Amino acid sequence: MKGLLVLAYAVTNLHPGAGRGYGIVDLPVQKDQLGYPIIFSSAFKGPLKALCAGEAISNSGRINCKEKPECCCLFGSEPEEVESNKGVLNVLDLLLFSVPAPIRNGFVQLTTRYLIERAKNIFNVIKDINGYTGTLGNNISLLLDEKGNGEVAEIYNSETKIHNFGGFNILNSLPLFNSKLAVSDDKRLIDRSLIVYTRNRLNLLTKVVNEGGLWSEEYIPMGSIFIGGFIIDESVSNNYCEDASKVTCDSLRFLSYFSKIFHANKVSEDVYSFYLNIGGKESIGKGFIKVFVGV
């Protein structure tokens, strides 16, 4: 068993939907048991499968495993296949780590101690099963390390400590990351950073909202950072994995194999990146993330 780390950056606002809500927002984003935003593994895996498949889609709307066996190797066979095969890639949740928040002289990335500890769960597992960390792991480790004394600034009328960092080479390429991280114990500050849109469905002839055509949607703001991972299970016996069987025992070799399937851009010797749509809404310019994969 080996692993790959994932760091995702929200290029636009995101709506990984949780279905119809019962609060003040009609369509909230997915949240964990404490009410923090999260992108569950199923909501991450689906877009990955779609990107992998490209145009190799069957009449039933599933991956055509004969045309794209590498996709069915990674994610498992489709329901219509005669023989069921588990995929070699286990997709973990994308955990929200931080959101951009305003301060008097600009902005910072805002997180909480809970979000830091939650992300450590995935980071430590992948670090332990690989036995080392590479470029991406070192960047993530800097984010998760214990914080010393920081300067105090006001965020949403709450005094919060802000820490300045150095040593980031991957994260520094992100437009809304400026090496400043605010750490709070107040979940309400994260809630304040979420965006609620009110949308409507107009009758194009009368320019009047249709009955039932007014609703609200919740979004995670652009610039937010997520941490996740993939677990590579080399013990899986999959008929579609002839090419992958030689690389699943080594994280770096599997990373190279993975990058070719997804046509990812090479960021460094052990980090690749690509773009993905999460939660739909691409027709209104929402849902795009930049995904970094490495060790």
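Report follows, based on the coordinates. These numbers come from a predicted model, not from an experiment.

## Structural notes on helix α3 (residues 113-130)
Part 1 of the reasoning: Here α3 contains 18 residues, and its C-alpha end-to-end distance of 26 Å stays within 8% of the 26 Å for a straight helix at 1.5 Å per residue.
Part 2 of the reasoning: In the structure, α3 departs most strongly from a straight axis at K120, where the bend amounts to approximately 25°.
Part 3 of the reasoning: G131 occupies a position one or two residues after α3 and carries a positive phi of about 85°.

## Regarding the pairing of strand β5 (residues 106-112)
Part 1 of the reasoning: Among the seven residues that make up β5, five are buried, leaving the element largely enclosed by the rest of the structure.
Part 2 of the reasoning: Bridging between strand β4 (residues 94-103) and β5 involves five bridges; their strand directions are antiparallel. By the bridge assignment for β5, P102 is matched with F107.
Part 3 of the reasoning: Joining the antiparallel neighbours β4 and β5 is a turn of two residues.
Part 4 of the reasoning: Where β5 meets strand β8 (residues 180-184), four bridges bridge the pair, whose relative direction is parallel. Following the sheet pairing, T112 is matched in β8 by S184.

## Considering the nonpolar core
Part 1 of the reasoning: Formed by 62 residues in total, the largest nonpolar core has its most connected members in F44, L48, L74, F230, F254, F258 and V293.
Part 2 of the reasoning: With 28 residues, the next largest nonpolar core counts L5, I116, L144 and L171 among its residues.

## Looking at unusual backbone geometry
Part 1 of the reasoning: At N157, a position not held by glycine, the phi torsion is positive, near 65°.
Part 2 of the reasoning: Position of N157 among the secondary structure elements: in the loop between β6 (151-155) and β7 (158-164).
Part 3 of the reasoning: Positive phi outside glycine occurs at H263, with the angle close to 50°.
Part 4 of the reasoning: Checked against the element boundaries, H263 lands in the loop between α6 (251-261) and β12 (265-268).

## Some words on helix α1 (residues 41-53)
Residues lying three or four places apart along an α-helix face the same way, a consequence of the helix completing one turn every 3.6 residues.
Part 1 of the reasoning: Over its 13 residues, α1 extends 18 Å from the first C-alpha to the last, a length consistent with the 18 Å expected when each residue adds 1.5 Å.
Part 2 of the reasoning: Of the residues flanking the end of α1, it is G54, one or two places downstream, whose phi is positive at about 60°.

## Some remarks on the side chain of K290
Part 1 of the reasoning: Inspection of the secondary structure puts K290 in strand β14 (residues 288-294).
Part 2 of the reasoning: This buried residue, K290, is left without a salt bridge; D270 holds the nearest opposite charge, at 14 Å.

## Details of the state of the cysteines
Part 1 of the reasoning: In this structure the tally under the stated criterion is three disulfides.
Part 2 of the reasoning: In this model, C52 is linked to C71 through a disulfide, with the two sulfur atoms separated by 2.1 Å. Its S-S torsion of approximately -100° makes the covalent link between C52 and C71 left-handed. With C52 in helix α1 and C71 in helix α2 (residues 69-75), the pair connects residues that are 19 residues apart, well separated along the chain. For the pair C52 and C71, a shared accessibility class is recorded, and that class is buried.
Part 3 of the reasoning: Between C65 and C72 runs a disulfide, and the two sulfur atoms are separated by 1.9 Å.

About the criteria used
- Residues numbered from 1 in each chain as written.
- Predicted model: local features only at pLDDT ≥ 70, side-chain atom pairs only at ≥ 80, totals over all residues.
- Heavy atoms only, no water.
- Helix = DSSP H or I, 4+ residues; strand = E, 2+ residues; numbered from the N terminus.
- Expected span 1.5 Å × (residues − 1).
- Bend = angle between axes of the 7 residues up to and from the residue.
- Buried < 20%, exposed > 50% of the residue type's maximum accessible area, 1.4 Å probe, protein only.
- Pairing = 2+ DSSP bridges.
- Core = buried A, V, L, I, M, F, W, Y, C linked by side-chain atoms within 4.5 Å.
- Lys, Arg positive; Asp, Glu negative; His and termini not counted.
- Salt bridge = Lys/Arg side-chain N within 4 Å of Asp/Glu carboxyl O.
- Disulfide = S-S within 2.5 Å.

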